[in-house]
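An overview of the molecular structure
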Amino acid sequence: MSATYVVRDSMTMLRRNLRHLSRYPSLALMLIAIPIGSLLLFVYVFGGTLGAGLPVDGGGSRADYLNYLVPGIWIMTVSSVANGTAVAVAIDQTGGMFARFRTMDVARVSVLTGHVLGAVIRTVLALSVMIVFAVLLGFRSGASVAGWLGAAGLALLLAFSFTWLTVAMGLAAGSIETASNTPLVLMVLPVVSSGFVPTEQMPAGLRHFAEHQPFTPIIETLRALTSGAPVGSEGWLAIGWCVVIGVAGYLWSRRELAKVPAR
Amino acid sequence: MTTDTAIEVVGLHKAFGDHHVLDGVDLAVPAGSVYALLGPNGAGKTTMVNILSTLLTADAGRLRVAGHDVRRAPSRVRAAIGVTGQFSAIDLFLTGRENLRLMADLAHLDRASAARDVAALLDRFDLADAADRRTLTWSGGMQRRLDLAMTLITRPRLIFLDEPTTGLDPRSRREVWQVVREQVADGVTVLLTTQYLEEADALADRVGVLDAGKLVAEGTPAELKAQVPGDSTSLDDVFLALTGHPADAAVDTDATTPEVTAR
């Protein structure tokens, strides 16, 4: 299998993936609706009270809370798109398409590349919508262009790593229902981190978990990059977690793809 | 018919845990012929097809398919074969034409001749009218026919059909039989599995009776019938005499009952 065919097959698979997106835009809208809905809920329902509890002089406002919240919603957007990837992969696995591809002379990696590249493109689109929405609500960033580029880079890395993890979840699920449930852990974990409220006021055990789980350094890094604050060592921790999650997801995916799904 | 051997299997073993699904199977299929693997559910027919089509690896045995060693040169085997599995493996989000184009692209066919082949196959399988509708809206019979067309568009020299007519109405079954005969007339080798004795009788040059992972009898339909004393002309009697139980006894009660087809 020459490199030319690997690229050509991967592009064929990506075209298929994007065609699915254009054929069913409602699915993509669902995925972006979840983070946007959470943004509205947290800013307008909880935001006044939560803002007052922020460690700002004289207590924060709803606007302060919006600025605090955006990195958490950012992660939730990536998780939401990744959730959709798990479902798409499970449809191919349980519907026999992966088995069909595997009996053809198609590069193994290409079979999954379409899903991974398609998911990254969907993530970029969803994040753009989310950020525009946040700015319309009043989100203001004090970050430089370099800060935003850094945040965009981290978002891409995050999209890759979450996608590989959810590809594996989709392959391992065995049913479409399970595939739509397992990735929910990626939606719930950001809530138990520094994404929605500062960890300082949590009870000791929960606080320990919240401060050391992978999402907190990723969210803190995004928060620093988008607000213009110094990143510090959290940045390396964030990149490290992304790489670990991505590599683990990739290896798990490869193992799952080698199995023949029972039907 | 040439004297080349399209499939050569010596001493094939496959176990899942303690369960020996294939327990020392030997068989040879001459190029350009039809070989039917006959057996009830659970006999090991699908496992056999999965191994020969490179989806599963054998625990032991020497396997050559289309002139290539299955273990050492799986991608050469894949380039030569076409597989239609027990359940339709089609992309339900795409149209019929797009499904066929996807297969043509993955087989690296040139665009102009691929477009011609796609149109010809849509006509041949009576799918032209529905070609540009999403296959999700198609009937089960149409989906099965598309699945078969997707297997044929890459012009494989050897085709595996795993229970190709299970669940089809008598007319659709006759069409599948006709397609098999056309392929063989073009020199293609076909290995099919079936639970229907009449199907093996109607199509196969040689029949192998698989029961609990062992090939308990093999020969032309006439030879198999001759092995059974009395004036039996039915493969049903042959199956009963060779395995000690009627074929239907091991068939799931919820499996589709075959319609009787006049010959």
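Calculation criteria
- Residues numbered from 1 in each chain as written.
- Chains lettered and ligands numbered in written order.
- Predicted model: local features only at pLDDT ≥ 70, side-chain atom pairs only at ≥ 80, totals over all residues.
- Helix = DSSP H or I, 4+ residues; strand = E, 2+ residues; numbered from the N terminus.
- Buried ≥ 20, exposed ≤ 12 C-beta atoms within 10 Å, placed from the backbone.
- Contact = placed C-beta atoms within 7 Å.
- pLDDT = per-residue confidence, 0-100.
- Pairing = 2+ DSSP bridges.
- Axes fitted to C-alpha atoms, helices over the stretch in contact; angles between N-to-C directions.
- Parallel < 35°, antiparallel > 145°, perpendicular 65-115°, else oblique.
- Left-handed = near helix turned anticlockwise from the far one by under 90°.
- Nonpolar A, V, L, I, M, F, W, Y, C, P; charged D, E, K, R; others polar.
- Core = buried A, V, L, I, M, F, W, Y, C linked by C-beta atoms within 7 Å.

1. Regarding the overall build of chain B
The helix and strand inventory of chain B stands at 9 helices and 10 strands. Every one of the 263 residues in chain B was classed for burial, and the buried ones make up 48%. Across chain B, the fraction of contacts at a sequence separation of at least 24, relative to all contacts at a separation of at least 6, is 68%.

2. What to know about the confidence of the model for chain B
Residues and elements named next belong to chain B. The predicted model of chain B averages 87 in pLDDT, with 89% of residues at 70 or higher. Low pLDDT, under 50, characterises residues 249-263; the stretch is placed with 19 contacts to residues that sit more than four places away or in other chains. For this predicted complex, the interface score ipTM comes out at 0.87, alongside a pTM of 0.87.

3. A closer look at the sheet that holds strand S2 (residues 19-30) of chain B
Residues and elements named next belong to chain B. Across the sheet, which stays open at both edges, the 4 strands sit in the order S2-S1-S4-S5 with antiparallel pairing between neighbours. With partners counted over all chains shown, the strands left at the sheet margins are S2 and strand S5 (68-69), one partner each. Pairing between strand S1 (residues 5-16) and S2: 9 bridges, direction antiparallel. From the neighbouring strand, Lys-14 faces S2, where its bridge partner is Leu-22.

4. Details of the packing of helix H5 (residues 108-137) of chain A against helix H6 (residues 145-173) of chain A
Residues and elements named next belong to chain A. Contact pair H5 / H6: the axes reach a minimum separation of 9 Å and the direction vectors enclose 135°. Here H5 lies oblique to H6, going by the angle between them. In this structure, H5 meets H6 at a crossing whose hand is right-handed. Contact residues: Leu-112, His-115, Val-116, Ala-119, Val-120, Thr-123 and Leu-127 in H5; Ala-155, Leu-156, Ala-159, Phe-160, Thr-163, Trp-164 and Val-167 in H6. Grouping the constituent residues of the contact of H5 with H6 by class yields 11 nonpolar, 3 polar and no charged.

5. Digging into helix H1 (residues 45-52) of chain B
Residue and element names in this part refer to chain B. Taking burial as the measure, the 8 residues of H1 include 8 buried ones, the bulk of the element. Along H1, the residues that are buried comprise Lys-45, Thr-46, Thr-47, Met-48, Val-49, Asn-50, Ile-51 and Leu-52. Phi turns positive one or two residues past the end of H1, at Thr-54, with a value near 75°.

6. Here's the deal with the nonpolar core
Of all hydrophobic cores here, the largest spans 143 residues; its most connected members are Leu-69 and Ile-218 of chain A together with Ala-36, Leu-52, Val-65, Ala-149 and Ile-153 of chain B. A per-element tally of this core places helix H3 (residues 62-94) of chain A first, with 17 residues. Each residue touching Val-65 of chain B, except ones within four places of it in the same chain, is listed here: Ile-7, Leu-52, Val-70, Val-77, Ile-81 and Leu-158 of chain B.

7. Considering the interface of chain B and chain A
How big an interface is tends to be stated in terms of the accessible area lost upon association of its parts. Contacts between chain B and chain A engage 20 residues on the former and 22 residues on the latter. Only helix H2 (74-80), strand S6 (81-84) and helix H3 (96-106) of chain B provide two or more residues apiece to the side of chain B that touches chain A. A class-by-class count of the residues in the side of chain B that touches chain A yields 11 nonpolar, 6 polar and 3 charged.

8. Remarks on the sheet that holds S6 of chain B
Residues and elements named next belong to chain B. In spatial order, the strands read S6-S7-S8-S3-S9-S10; together these 6 strands make up an open sheet with mixed pairing. Of all strands in the sheet, those bounded by a partner on one side alone are S6 and strand S10 (214-219). Each strand axis lies, on average, 15° off the axis of its neighbour in the sheet, ignoring direction. As paired strands, strand S9 (residues 206-211) and S10 are joined by 5 bridges and run antiparallel to one another. Bridge pairing in S10 places Gly-208 opposite Glu-218. Relative to S6, helix H5 (residues 140-152) is tilted by about 170°, and along the sheet it contacts S6 and strand S7 (158-162).

9. Observations regarding the pairing of strand S3 (residues 34-38) of chain B
All names here are of chain B. Counting buried positions along S3 yields 5 of 5 residues, so the element is predominantly enclosed. Residue alternation in S3 divides its side chains into two sets, Val-34, Ala-36 and Leu-38 and Tyr-35 and Leu-37, and both sets are buried. Examined bridge by bridge, S3 and strand S8 (residues 189-194) share 5 bridges and lie parallel to one another. Note that in S8 the partner of Tyr-35 across the bridge is Leu-191. By the bridge criterion, 4 bridges tie S3 to S9 in an arrangement that is parallel. Residue Tyr-35 lies in a different strand from S9, and its bridge partner there is Arg-206.

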